[in-house]
Amino acid sequence: MSAIADNLQAVQARISDAAALAGRSPDSIRLLAVSKTWPLACVVAAADAGQRAFGENYVQEGIDKLTAIAGRNLEWHFIGPLQSNKSRPVAEHFDWVHSIERLKIAERLSSQRPAYLPPLQICVQVNVSGEASKSGCDPDEAPALCQAITTLPGLQLRGLMAIPEPTDDPAAQRAAFRRVREIYESIRAAGLPLDTLSMGMSHDLEAAVAEGATIVRIGTAIFGERNYT
Ligand SMILES: *Cc1c(COP(=O)(O)O)cnc(C)c1O
C-alpha cells in the first residue's frame, strides 16, 4: 500500500474513534482530502485508495488538477480565499465552495454557474477567532448572508465552514468549534435547511468531530508537510 493509502486509513481511524467517543456514526463525517501544493500523482494515489472528495485553495492549481483527472469522477471543493476576478473558473469547474464570506462573491458565482451543472454547493465561512483571523464573516452577519444565498439560483446553501485560530489546547479547540455549531444551530432554528459543518484539520479533527463536524478538511495527515517554496 502507498504511504498515502496508509495515511488515509489512519485518518479514517481517527475520525471513527472520535465519532465513537462522541456517540456519533462515523458515516456522518466526510473526509475531504486537501491536496493543495501536492502534485496530481498524489491525488491519483489517494483516488486509487478510494478517496473521492478533494479540497484545493488556489484556483489555477485546482483547475489544472481537476481537468487533468476529469475521467475519475472525483468531487472538488474550493476552500481558499476567493477574489471576485477568479470566481468564474470556480463556478465553472468546482462542485463546492466552502469559503464564502460576502454576498458579492456568492452573486457572481450564482450568475456564472453554468445551467448544465448541478447547483454549486455552498458553505459560508465564519470567523470565530476575532482579530486573530482575517477570513470569514462576522458571526453576527452569518444569518443574513445565509438567508440571502438561499435566494440565488445555481447555488445550494449547505452550511458553515470555519478555521479557528490554531491552538494545541483541546479545550480551546472545542470551545471554538462549539461556537461555530451554535451559530449553525441558530440558523437552522431560523428555518434554513443547513446540513454541513465544515471544520477540523489535521491537528484538531477530534475536537471538531466532538462538536459536530460533518466534513473534516485534512491535508498534512494524508499527504505530509507542505513545502510552499
Ligand atoms: C490547508 C487547509 C486545510 C488542511 O490543513 P492541514 O492542517 O494540512 O490538515 C484545511 N482547510 C483549509 C481551508 C486549508 O487551507
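Everything that follows concerns the structure shown earlier in this document.
Residues numbered from 1 in each chain as written. Predicted model: local features only at pLDDT ≥ 70, side-chain atom pairs only at ≥ 80, totals over all residues. Heavy atoms only, no water.

**Here's the deal with the overall build of the chain**
- Helices and strands together make up the secondary structure of the chain, namely 9 helices and 8 strands.
- Referenced to the eigenvectors of the C-alpha coordinate spread, the extents of the chain come out at roughly 45 × 40 × 35 Å.
- Relative to its full complement of 229 residues, the chain shows a buried share of 50%.
- Within the chain, contacts between residues separated by at least 24 positions form 58% of all contacts whose residues are at least 6 apart in sequence. (Helix = DSSP H or I, 4+ residues; strand = E, 2+ residues; numbered from the N terminus. Buried < 20%, exposed > 50% of the residue type's maximum accessible area, 1.4 Å probe, protein only. Contact = heavy atoms within 4.5 Å.)

**A word on the packing of aromatic side chains**
- A full pass over the atoms with the stated rule returns 3 aromatic pairs.
- Ring geometry for F78 against F94: centres 5.4 Å apart, planes inclined by 80°, an arrangement best described as edge-to-face. Here F78 is found in strand β3 (residues 75-78), whereas its partner F94 is found in the loop between α4 (87-93) and β4 (96-100), with 16 residues between them in sequence. In this pair, the class of F78 matches that of F94, namely buried. (Phe/Tyr/Trp six-rings, centres within 6.5 Å; stacked < 30°, edge-to-face > 60°.)

**Considerations on the site of the ligand**
- All residues adjacent to the ligand are V34, K36, N57, I79, I163, M201, S202, R217, I218, G219, T220 and R226.
- One of the side-chain N or O atoms of T220 is found 2.5 Å from an oxygen atom in the ligand.
- Between the ligand and R226 there is a distance of 2.8 Å, counted from an oxygen atom to a side-chain nitrogen or oxygen.
- Starting from 380 Å² of accessible surface for the ligand in isolation, the protein chains cover 91%. (Near = heavy atom within 4 Å. Polar contact = N/O pair within 3.5 Å; in protein donor to acceptor, adjacent residues only side chain to side chain. Areas by Shrake-Rupley, 256 points an atom, 1.4 Å probe, with all protein chains shown as cover.)

**Examining the pattern of salt bridges**
- Taken as a whole and judged by the stated rule, the model has 12 salt bridges.
- A salt bridge links R72 to D48, with the shortest nitrogen-to-oxygen separation between them at 3.0 Å. Taken together, the residues R72 in the loop between α3 (59-68) and β3 and D48 in helix α2 (residues 40-48) connect sequence positions 24 residues apart.
- Of the residues examined, D48 reaches a relative accessible area of 55% and is grouped as exposed.
- When the shortest N-O distance is used, the salt bridge between R174 and E211 registers 2.6 Å. Here R174 is found in helix α7 (residues 170-189), whereas its partner E211 is found in the loop between α8 (205-210) and β8 (215-218), with 37 residues between them in sequence.
- The class of R174 is partly exposed, set by a relative accessible area of 33%.
- Look at E211 and you get buried, because its relative accessible area is 2%.
- What emerges from the salt-bridge pattern is a single network uniting R174, R178, R181, E185 and E211. (Salt bridge = Lys/Arg side-chain N within 4 Å of Asp/Glu carboxyl O.)

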